[in-house]
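# Geometric and topological summary
Read off the chains here:
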Amino acid sequence: MKIAVVGAAGRMGQMLIRQIARTEGVSLAAASEASGSKAIGKDAGEVAGLEPNGIKIGGDSAAAIAAAQAVIDFTVPAATVAHAKIAQDKGVAMVIGTTGLDPQQAALIHEAAKKVPIMWAANMALGVNVLLALVEKTAALLDPSYDIEVLEMHHRHKIDAPSGTALALGRAAAAGRKVELEKVWRKSRDGHTGARPVGEIGFATLRGGEEVGVHTVYFATGGERLELSHRAFSREGYASGAVTAAKWLEGRKPGLYGMKDVLGL
């Protein structure tokens, strides 16, 4: 399978290029970066810390996507939406790891998925997807007297909060309780907040250093506390999951898929 990587010079872009290079059955077809990037014109392999691979990083994402069977996108919401429209028009499958999309942007991804297969997940690491399943099951088993809090920490460069994975964990907990997350969530607390309402699902966000990603879900009551936690030590798990998802999309019908589908969870 021929794969294009957009945002090729970023942290995830470089990791994806390395992952593609060591994965059988796939090859890097094209790589692109945003206009003005200093990486444009450079060899994608060299930028990713590999031997030269002959693929120059371009500034035209449409040309990069058109050269591939699947495109992997870990960029920013506005760029991801634009890339989804291009993938839709070119008939190219898409893997999306971008988080922080607003409802209008998410609706455009859903629209594109009517024409091409798209796998969109807040986190593509196997361990995180197992954690999502465990959180949903645990929330279903414990009654609402158990307070649910989601704590996450990421590197100082992350631009959205709470993280997409934290929100996915909150949705898993809400699904276990058969409630809508938006009706029970508390994304932040400041000042005189009053007592914590029963059934609330809270979020706490930490930012600092170069932390790749830490997520812990707490189930706390008067007599005990249960913690379910995952820590990523590198972006390798995300890249591996994304490339696996791209391969899985080959031959799939148009639609919006998740890592549960890819992993058979």
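The rules behind each value
Residue positions are counted from 1 within each chain, in the order its sequence is given. Local features in this predicted model are restricted to residues of pLDDT 70 or higher, and side-chain atom pairs are both shown and tallied only at a pLDDT of 80 or more, whereas totals for entire chains, interfaces and linings draw on every residue. The basis for every side-chain value is the complete set of non-hydrogen atoms in the structure, without hydrogens or water. Whether two aromatic rings pair depends on their centres lying within 6.5 Å, for rings of Phe, Tyr and Trp, where Trp uses its six-membered ring; planes under 30 degrees apart make the pair stacked, over 60 edge-to-face, and the rest tilted. Here's how the labels work: a residue is buried when its accessible area is under 20% of the maximum for its type, exposed when over 50%, partly exposed in between, all with a 1.4 Å probe on protein chains only. In this scheme, Lys NZ or Arg CZ marks a charge over a ring once it lies within 6 Å of the ring centre and within 35 degrees of the ring normal. To qualify as a nonpolar core, a set must consist of buried Ala, Val, Leu, Ile, Met, Phe, Trp, Tyr and Cys residues joined through side-chain atoms within 4.5 Å. A run of H or I in DSSP counts as a helix once it spans at least four residues, and a run of E counts as a strand once it spans at least two, with each numbered from the N terminus. Whether two residues are in contact is decided by their heavy atoms: any pair within 4.5 Å suffices. Definition used for salt bridges: Asp or Glu carboxyl oxygen within 4 Å of a side-chain nitrogen of Lys or Arg. Two strands pair under a simple rule: DSSP has to find at least two bridges between them. What counts as an axis is a line fitted to C-alpha atoms, over the stretch in contact for a helix, and the angles between N-to-C directions run from 0 to 180 degrees. Polar contacts, as used here, are pairs of N or O atoms within 3.5 Å; protein pairs need one atom able to donate a hydrogen and one able to accept it. Residues neighboring in sequence count only if both atoms are side-chain atoms. Every crossover in which the path from the first strand over the helix to the second runs clockwise, viewed with the strands pointing away from the viewer, is termed right-handed.

### Structural notes on the packing of aromatic side chains
For the coordinates displayed, the defined rule picks out one aromatic pair. Relative to Tyr 257, the ring of Trp 248 lies with its centre 5.1 Å away and its plane at 80°, an arrangement referred to as edge-to-face. A relative accessible area of 17% means that Trp 248 is categorised as buried. Positioned over the ring face of Trp 185 is Lys 187, at 4.0 Å from the centre of the ring. The positively charged end of Arg 252 is found above the aromatic ring belonging to Trp 248, 3.8 Å away from the centroid.

### Observations regarding the nonpolar core
In terms of nonpolar packing, the biggest core is built from 58 residues, with Ile 3, Leu 16, Ile 72, Val 95, Met 119, Val 135 and Phe 219 touching the most fellow members. Ranked by the residues each element gives to this core, the list is headed by helix α9 (residues 236-249), at eight residues. Apart from the residues within four sequence positions on either side, Val 95 is in contact with Val 71, Ile 72, Asp 73, Met 119, Met 124, Ala 242, Ala 245, Ala 246 and Leu 249. Judged by nonpolar contacts, the second largest core, of 20 residues, contains Val 6, Ala 68, Met 94 and Ile 118.

### Section: the pattern of salt bridges
One pass over the full model with this rule turns up 15 salt bridges. A salt bridge links Lys 158 to Asp 160, with the nearest nitrogen and oxygen atoms 3.1 Å apart. Using a relative accessible area of 14% as the deciding quantity, one classes Asp 160 as buried.

### Here's the deal with the sheet that holds strand β9 (residues 201-207)
Spatial ordering of the open sheet is given by β8-β9-β7-β10-β11, a layout of five strands whose pairing is mixed. At either end of the open sheet lies a strand with only one pairing partner, and these are β8 (185-186) and β11 (225-232). Here β8 runs beside β9; their pairing, made up of two bridges, is parallel. Paired with Arg 186 across the strands is Gly 202, a residue of β9. Of the strands in this sheet, β7 (147-154), β10 (213-220) and β11 touch helix α6 (residues 126-141), which is tilted by about 165° from β11.

### Description of helix α1 (residues 11-21)
All buried positions along α1 are accounted for by Met 12, Gly 13, Met 15, Leu 16, Ile 17, Gln 19 and Ile 20. Lining the buried residues of α1 we find β1 (2-6), β2 (27-32), α2 (44-47), β4 (70-73) and α9.

### Some points on the environment of Asp 147
With respect to the helices, strands and loops of the structure, Asp 147 is situated in strand β7. The class for Asp 147 is partly exposed, based on a relative accessible area of 26%. Setting aside anything within four residues of it in sequence, one finds Asp 147 in contact with Arg 196, Tyr 218, Phe 219 and Ala 220. Polar side-chain contacts of Asp 147 include one of 3.1 Å to the side chain of Arg 196.

### Overview of the pairing of β1
Counting buried positions over the five residues of β1 gives four, a clear majority of the element. Where β1 lies against β2, five bridges are found, and the strand directions are parallel. Bridging across to β2, Ile 3 finds its partner in Leu 28. For the crossover from β1 across α1 to β2, the handedness is right-handed. Looking at chain direction, β1 and β4 are connected through four bridges and run parallel. Looking at β4, one finds that Val 6 is bridged to Asp 73.

### Regarding the side chain of Thr 80
Summarising the element assignment, Thr 80 is placed in helix α4 (residues 77-90). A residue is classified by how much of its surface remains accessible, and Thr 80, at 0% relative accessible area, is buried. At 3.0 Å, the side chain of Thr 80 and the side chain of Asp 73 are in polar contact. In this structure the side chain of Thr 80 is engaged in a polar contact, spanning 3.1 Å, whose partner is the side chain of Thr 75.

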